[in-house]
Amino acid sequence: MTLVDSHHETNLDPNTTESPAAANNATLAALEDRLLGLLDLQLTLKHIHWNVVGPAFIAVHEMLDEQVASVREMTDAVAERIATLRGVPVGTPEHLVSKRTWSDYALGRASVTDHMEALNRVYEGVISDHRHAMKVTAETDPVTEDLFIGQLADLELFQWFVRSHVDGQ
Ligand SMILES: [Fe+2]
């Protein structure tokens, strides 16, 4: 092998705008952001499960536990994808509160309608951020993109369930 050949083999593809390391960092950043979002969501869902009141209490109370179970599985999958890509999944409360970019859920004991309107807005934020992460990872890591696509199908389904408890939606 000549020196010229060797040099040619180590050249980056001119069509590649980012190095593999930069792509992996972007993937990890997207995953870490979504880990925060899903940790926050699962806690918020339980909070509503405990505090919702009114005639449709039991339907909403039980619906929310099914969503908690699913979101906990999503959280686990995102954290383990971070570890798989040699990142460090951080799931401590202080980290979550210091890094999240949204406000804490505001309602305490409240009606089904009030909680479902508020939860609908929570899902809007989570889904919007998940879709952004999906677009980023479409460029950097299609396996992670696929994980987000699958989770979005369930998150959007859950948002429909929540909307059904809000009048006229
Ligand atoms: Fe419970």
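Residues numbered from 1 in each chain as written. Predicted model: local features only at pLDDT ≥ 70, side-chain atom pairs only at ≥ 80, totals over all residues.

1. Overview of the overall build of the chain
Now for step 1: Scanning the chain for helices and strands turns up six helices and two strands.
Now for step 2: Each helix and strand of the chain, placed in order from N terminus to C terminus, yields the pattern α-α-β-α-α-β-α-α.
Now for step 3: Looking at the 169 residues of the chain, the share that counts as buried comes to 27%.
Now for step 4: Taking all contacts inside the chain whose residues are at least 6 apart in sequence as the whole, residues at least 24 apart take part in 74%. (Helix = DSSP H or I, 4+ residues; strand = E, 2+ residues; numbered from the N terminus. Buried ≥ 20, exposed ≤ 12 C-beta atoms within 10 Å, placed from the backbone. Contact = placed C-beta atoms within 7 Å.)

2. Regarding helix α6 (residues 142–163)
Now for step 1: Taking 1.5 Å of rise per residue, the 22 residues of α6 would be expected to cover 32 Å, and the 31 Å separating its terminal C-alpha atoms lies within 8% of that figure.
Now for step 2: Structurally, α6 contributes buried residues whose contacts are with α2 (20–51), α3 (57–84) and α5 (112–140). (Expected span 1.5 Å × (residues − 1).)

3. Looking at unusual backbone geometry
Now for step 1: A positive phi angle, near 70 degrees, is found at R86, a position not held by glycine.
Now for step 2: Within the element layout of this structure, R86 appears in the loop between α3 and α4 (93–99).

4. What about the packing of α2 against α3?
Now for step 1: Two numbers describe how α2 lies on α3: the axes approach to 9 Å, and their chain directions differ by 160 degrees. The pairing of α2 with α3 is recorded here as roughly antiparallel in orientation. Once α2 is placed against α3, the crossing between them reads as left-handed.
Now for step 2: Tallied by class, residues from the contact of α2 with α3 come to 15 nonpolar, five polar and six charged. (Axes fitted to C-alpha atoms, helices over the stretch in contact; angles between N-to-C directions. Parallel < 35°, antiparallel > 145°, perpendicular 65-115°, else oblique. Left-handed = near helix turned anticlockwise from the far one by under 90°. Nonpolar A, V, L, I, M, F, W, Y, C, P; charged D, E, K, R; others polar.)

5. Topic: α3
Now for step 1: Counted at 1.5 Å a residue, the expected span for α3 with its 28 residues is 40 Å, and the 40 Å between its end C-alpha atoms agrees.
Now for step 2: Residues of α3 that are buried include every one of V60, M63, L64, Q67, V71, M74, T75, V78, A79, R81 and I82, and no others.
Now for step 3: Lining the buried residues of α3 we find α2, β1 (52–53), α5 and α6.
Now for step 4: A positive backbone phi angle near 70 degrees is found at R86, which sits one or two residues after α3.

6. Things to note about the confidence of the model for the chain
Now for step 1: Confidence in the prediction of the chain, expressed as mean pLDDT, is 91, and 88% of residues score 70 or more.
Now for step 2: Looking at the elements of the chain, mean pLDDT is at its lowest for helix α1 (residues 3–10), recorded as 45, and at its highest for α6, recorded as 98.
Now for step 3: Taken as a whole, residues 1–17 scores under 50 in pLDDT and shows one contact with residues more than four places along the chain or in a different chain. (pLDDT = per-residue confidence, 0-100.)

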